[in-house]
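# Inside the fold
Each chain, letter by letter, is given below.
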Amino acid sequence: MGFIWNRERECMSRKDLEELQLARLKAQVKRAYEKVPFYREKLEKAGIYPEKIKTLKDVRYLPVTTKDDLRDNYPFGLFAEPKKNLVRLHASSGTTGRPTVVGYTRGDLEVWAEVVARIVTMAGVTDEDTAQIAFGYGLFTGAFGLHYGLEKVGALVVPISVGNSRRQIQLMRDFGTTALICTPSYSLHLAETARELGIEPRSLGLKWGLFGSEPWTEEMRAEIEKQWGIVATDNYGLSEIIGPGVSGECLEREGLHINEDHFLVEVVDPETLEPKEPGEEGELIITPLTKEALPLLRYRTRDISKINPEPCRCGRTTTRMQRVKGRTDDMLIIRGVNVFPSQIESVLMEIEGTAPHYQLIVSKRGYLDELEVQVEIEEKFFTGKFKDLEQLTRTIEERLASTLQISAKVKLLEPRSLERSEGKAKRVIDLRNSGERG
Ligand code: DLL
């Protein structure tokens, strides 16, 4: 079902794929060792020489790389190529400290367009589509990454960038957009904007939504699909590895196919770094296998997922990863119970009357963590009757307690009271160390 962009690569036998991965891994370790003093030193210190890599499993001997390593070597310290050989830089703004800077050679850009071409094809997009890219163009990798992959498959690209939501809706209608590319949270904001303009989002005739760059849930997907009348798929990536294009869902939508000929993925215990079995949840560690400018070894993503090596009905043989549950940095520990914002999202979205706009406020009372869940209620549910609101609050609190075993205080908000995000939604406000509350 559906078209496969690169059958030769996406449907390889496991044996051929692993041979290719091993050859590439060996070359990549050698490249890092020879060209990046940071890695030479690290590998020598650990007594690991490139020849030590004899099987794919030997990747475990390599030291891991973290975001701090990139920051400490700001801006170009981990690059394997001189500036002359680079043709593009991107950077993540980073909420704290220095940004992380990533670079691309011309070859890297070709690989990037190829892997994105695969994931947009998986998600249903063809040269018949008009694709509106509502990710921010700039140092962020989202827009440029999807742009070149979409052009490669021959889609008609509308590089509108993020923001100016009313204009987005107007052009969507005038240009006959069929595919919307942005964060899942921004797609909801756009649907709301359409309604403000008196336009029913479904009447715009979009077919596909390709969403990524932030965690979202099955329940959120159902909501977005209902509002837009589209088929929505998830795609994943990170700038340190390449940007979008690491993995994406096919139309079966049972996990994201990893472009394994270019990215070697491990799942480990985030505390001990011990490998997890297929199907067990853990942190993703990714080694890009063909990156020329920035050959990171075993990059710790902080993203929690699990992998499923079973073949997919779509015909691709690549391993799939489950949608990312969240980042280890975003995991909340509320009175000893670990919970990801996405788990709270699932609960909220299943309850009738809540709108898909929420925020989590974490604070401390004495030594205890407290969680307040703020959620908007649907316009039509907003009767203003105290009894109804009281009842809804109680339902949410009970559901959070029974499904997630957390006790949280729920605060219902009027429709449209939370700030809408244009890029990655900020779901958690942590006041624990700021002294603002408690
Ligand atoms: O967000 C790359 C991207 C752009 C992916 C557009 C997909 C679409 P960064 O800004 O470096 O790169 O942020 C990477 O965002 O480590 C995850 O925590 C999170 N993330 C990205 N995609 C997903 C997703 C881009 N589909 C970080 N689901 C990653 C959940 C995601 N989290």
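In what follows, the structure referred to is the one given above.
Conventions and cut-offs
- Residues numbered from 1 in each chain as written.
- Predicted model: local features only at pLDDT ≥ 70, side-chain atom pairs only at ≥ 80, totals over all residues.
- Heavy atoms only, no water.
- Near = heavy atom within 4 Å.
- Polar contact = N/O pair within 3.5 Å; in protein donor to acceptor, adjacent residues only side chain to side chain.
- Areas by Shrake-Rupley, 256 points an atom, 1.4 Å probe, with all protein chains shown as cover.
- Helix = DSSP H or I, 4+ residues; strand = E, 2+ residues; numbered from the N terminus.
- Pairing = 2+ DSSP bridges.
- Axes fitted to C-alpha atoms, helices over the stretch in contact; angles between N-to-C directions.
- Contact = heavy atoms within 4.5 Å.
- Buried < 20%, exposed > 50% of the residue type's maximum accessible area, 1.4 Å probe, protein only.
- Salt bridge = Lys/Arg side-chain N within 4 Å of Asp/Glu carboxyl O.

Below, the discussion takes up the site of the ligand. In the vicinity of the ligand, 20 residues are found, and the nearest of them are Ser213, Asp234, Asn235, Ser239 and Asp303. A distance of 2.7 Å is found between a nitrogen atom of the ligand and a backbone nitrogen or oxygen belonging to Asn235. Between the ligand and Asp303, the relevant distance is 2.6 Å, taken from an oxygen atom to a side-chain nitrogen or oxygen of the residue. Taken by itself the ligand offers 610 Å² of open surface, and the protein chains cover 94% of this. Residue assignment for the shell around the ligand shows that the elements contributing at least two residues are α6 (141–152) and β7 (231–238). If one sorts the elements of the shell around the ligand by residue count, β7 sits on top with 5 residues.

Next up on the list: the sheet that holds strand β18 (residues 354–365). Read from one edge to the other, the open sheet built from 4 strands follows the order β20-β19-β18-β21, with strand pairing classed as mixed. Only two strands of the sheet have a single partner each, and these edge strands are β20 (409–413) and β21 (428–430). Mean inter-strand twist for the sheet, computed between neighbouring axes without regard to direction, equals 20°. The strands that helix α10 (residues 341–350) touches are β18, β19 (368–377) and β21; relative to β18, the one it contacts most, it runs at about 135°.

Attention now goes to unusual backbone geometry. For the bond running from Tyr74 to Pro75, omega is -10°, close enough to zero to count as cis. Turning to its location among the elements, Pro75 is positioned in the loop between α4 (67–72) and β1 (86–92). For Leu273, which is not a glycine, the phi torsion comes out positive at approximately 65°. Tracing the sequence through the fold places Leu273 in the loop between β10 (263–268) and β11 (282–288). Overall, the relative accessible area of 26% leaves Leu273 in the partly exposed class. Of note in the backbone geometry, Arg298 takes a positive phi value of approximately 45° without being a glycine. Examined against the element boundaries, Arg298 turns out to sit in the loop between β11 and β12 (299–305).

Moving on, we get to the pattern of salt bridges. One pass over the full model with this rule turns up 39 salt bridges. Between Arg416 and Glu196 there is a salt bridge, and its shortest N-O distance comes to 2.6 Å. Here Glu196 lies in helix α8 (residues 184–196) and Arg416 lies in the loop between β20 and β21, a separation of 220 residues in the sequence. Residue classification places Arg416 among the partly exposed residues on the basis of a relative accessible area of 39%. The salt bridge involving Arg416 is made with Glu379; its shortest N-O contact spans 3.8 Å. Pair noted here: Arg416 is in the loop between β20 and β21 and Glu379 is in the loop between β19 and α11 (386–404), with a separation of 37 residues, a long-range link. Each of Glu218, Arg221, Asp234, Glu249 and Arg323 takes part in one network of salt bridges that share partners.

As a further point, take the sheet that holds strand β15 (residues 326–327). Strand order in this open sheet of 4 strands is β10-β11-β12-β15, and the pairing throughout is antiparallel. Of all strands in the sheet, those with a lone pairing partner are β10 and β15, marking the two edges. Where β11 and β12 come together, 4 bridges link them in antiparallel fashion. The residue of β12 that forms the bridge with Ile286 is Tyr299.

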